[in-house]
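Overview (structure and organization)
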Amino acid sequence: MTGTGKLLYRIAEQEEGQLELSNFFKKIEKRAFRMAEIETRNRDDALEIVQEAMLRLMQKYQHRPSEEWKPLFYRILQNCIMDFHRRTTRHKSFFVWGGKEGEPKIEDIAMDENPRMDPAGECQRGLTMKQLMQSLATLSLRQRQAFLLRIWEGFDVETTANIMRCSKGSVKTHLSRAMQQLRSTLEGFV
Amino acid sequence: MKDVDQSLQQRVSDLLDESVDKLDHDTCMQLQLARGHVLQQNGRKARNRWYLATAFASVAIVLVAAVFTFHTPLERQPAGIGKTPDSLMSVEGPDETELYEDLEFYMWLSSKKWAS
């Protein structure tokens, strides 16, 4: 292949890669947004987290095989969510004497109610969706991650463990506790 | 218990899927903008790389052209000009060297004839 031919081939390859990445983001962005919104309970924060996750995937992993993008993206998304929680926990600890250390729980963040969040508004059975969001809010961050990644996204235990950066045993434990909590809070609604 | 759990998991998944399908228009637009912004950065980065590569290639071509245009190779000068008789032998080819050796032999031969 001549030099010009190689150049044209590279350009076509790059454009194809860009298109594939764009299609991937289009497929995943809404679910990622919903997951981020469940964690942040704020639409703008959730949008920012999703954009950050897209950017990081593109910058670091776009040259990886496309079948790896989904678990990579969710791992980055969870990292961004963890960073968000650390920032907000640190902010609260600054103003509150004897602030909590360690894993931040959603109960702490739930104290800051965001009136703009209205996930129930889009669904026909508004009451059940609202109750679901409240129930999910009673889980710890890790329990919620395990539940959403395993049950909603359908990742297997090993992939979920890689995304959450924990052992397979921990994933099972978090999921088991999440189910226990959801059973008690959603009793009568399902 | 397992059936209850499976039923609960299915119901929760369905609800979440439904909430995604019915995401409000404003949020969908915001997500589209975010995606476009991210991909635009990628495109800009690729274009910058091409611009840099093209600039380097252009400079290299200009340099090579300048070297070939302005460099004048040294013309071959006749052998011996500007050379001292002592160094004459070093610039001559093998044939000329043989001729001088023969001449020396003939000179010696003639001197021997006269001697005998």
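What comes next concerns the included structure.

The rules behind these values
Residues numbered from 1 in each chain as written. Chains lettered and ligands numbered in written order. Predicted model: local features only at pLDDT ≥ 70, side-chain atom pairs only at ≥ 80, totals over all residues. Heavy atoms only, no water. Helix = DSSP H or I, 4+ residues; strand = E, 2+ residues; numbered from the N terminus. Buried < 20%, exposed > 50% of the residue type's maximum accessible area, 1.4 Å probe, protein only. Areas by Shrake-Rupley, 256 points an atom, 1.4 Å probe, with all protein chains shown as cover. Contact = heavy atoms within 4.5 Å. Buried area = accessible area lost by both parts, 1.4 Å probe. Salt bridge = Lys/Arg side-chain N within 4 Å of Asp/Glu carboxyl O. Nonpolar A, V, L, I, M, F, W, Y, C, P; charged D, E, K, R; others polar. Polar contact = N/O pair within 3.5 Å; in protein donor to acceptor, adjacent residues only side chain to side chain. Core = buried A, V, L, I, M, F, W, Y, C linked by side-chain atoms within 4.5 Å. Axes fitted to C-alpha atoms, helices over the stretch in contact; angles between N-to-C directions. Parallel < 35°, antiparallel > 145°, perpendicular 65-115°, else oblique.

**Some thoughts on the overall build of chain B**
- When its secondary structure is counted, chain B shows four helices and zero strands.
- Counting only residues that meet the buried cut, chain B has 18% of its 116 residues in that class.
- Surface summary for chain B: the accessible area is close to 9400 Å², and the carbon and sulfur share equals 61%.

**Some points on the interface of chain A and chain B**
- Listed per partner, the contact involves 39 residues of chain A and 35 residues of chain B.
- Summed over both partners, the interface of chain A with chain B comes to about 3700 Å²; 67% of that surface belongs to carbon and sulfur atoms.
- Taken together, chain A and chain B are joined by four salt bridges.
- The closest approach of N and O atoms between D26 of chain B and R43 of chain A, which form a salt bridge, is 2.8 Å.
- At the level of secondary structure, the elements contributing two or more residues to the side of chain A that touches chain B comprise α1 (3–40), α2 (43–61), α5 (126–137), α6 (141–152) and α8 (168–185) of chain A.
- Tallied by class, residues from the side of chain A that touches chain B come to 22 nonpolar, seven polar and ten charged.

**With respect to the side chain of S19 of chain B**
- Note on placement: S19 of chain B falls in helix α1 (residues 2–21).
- At 2.7 Å, the side chain of S19 of chain B forms a polar contact with the backbone oxygen of L16 of chain B.

**Describing the nonpolar core**
- F25, L57, F73, Y74, L77 and F147 of chain A are the most contacted members of the largest nonpolar core, which totals 62 residues.
- In terms of residue count, the dominant contributor to this core is helix α3 (residues 69–95) of chain A (ten residues).
- In this view, F25 of chain A contacts M54, L57 and F73 of chain A together with R35, V38 and L39 of chain B; residues no more than four positions away in its chain are not counted.

**Some thoughts on the environment of Q78 of chain A**
All names here are of chain A.
- In this fold, Q78 is placed in helix α3.
- Taking the C-alpha atoms as reference, Q78 lies 8.5 Å from A36; in sequence the two are 42 residues apart.
- Apart from residues lying up to four places away in sequence, Q78 is in contact with M35, Q145, L149 and I163.

**Points about unusual backbone geometry**
Residues and elements named next belong to chain A.
- Within the chain, R41 stands out as a residue other than glycine whose phi angle is a positive 55 degrees.
- The topology assignment puts R41 in the loop between α1 and α2.
- Judged by relative accessible area, R41 falls into the buried class, the value being 12%.
- One non-glycine residue, R165, adopts positive backbone phi at about 55 degrees.
- Structurally, R165 is set in the loop between α7 (157–164) and α8.
- Judged by relative accessible area, which is 52%, R165 ranks as exposed.

**Observations concerning the packing of α7 of chain A against α8 of chain A**
Residue and element names in this part refer to chain A.
- At a closest axis distance of 8 Å, the pairing of α7 and α8 adopts a crossing angle of 95 degrees. Considered as vectors, α7 and α8 are oriented roughly perpendicular to each other. Where α7 abuts α8, its residues V157, E158, T160, A161 and M164 lie against K168, V171, K172 and H174.
- Grouping the amino acids of the contact of α7 with α8 by side-chain chemistry returns four nonpolar, two polar and three charged.

**Let's talk about the pattern of salt bridges**
Residues and elements named next belong to chain A.
- Applying the stated criterion to the full structure yields 14 salt bridges over all chains.
- The closest approach of N and O atoms between R86 and D83, which form a salt bridge, is 3.1 Å. Taken together, the residues R86 and D83, both in helix α3 and three residues apart, mark about one turn of the helix.
- On the basis of relative accessibility, which here comes to 42%, the residue R86 falls in the partly exposed class.

From the geometry alone we can't say anything about function, so treat these as descriptive.
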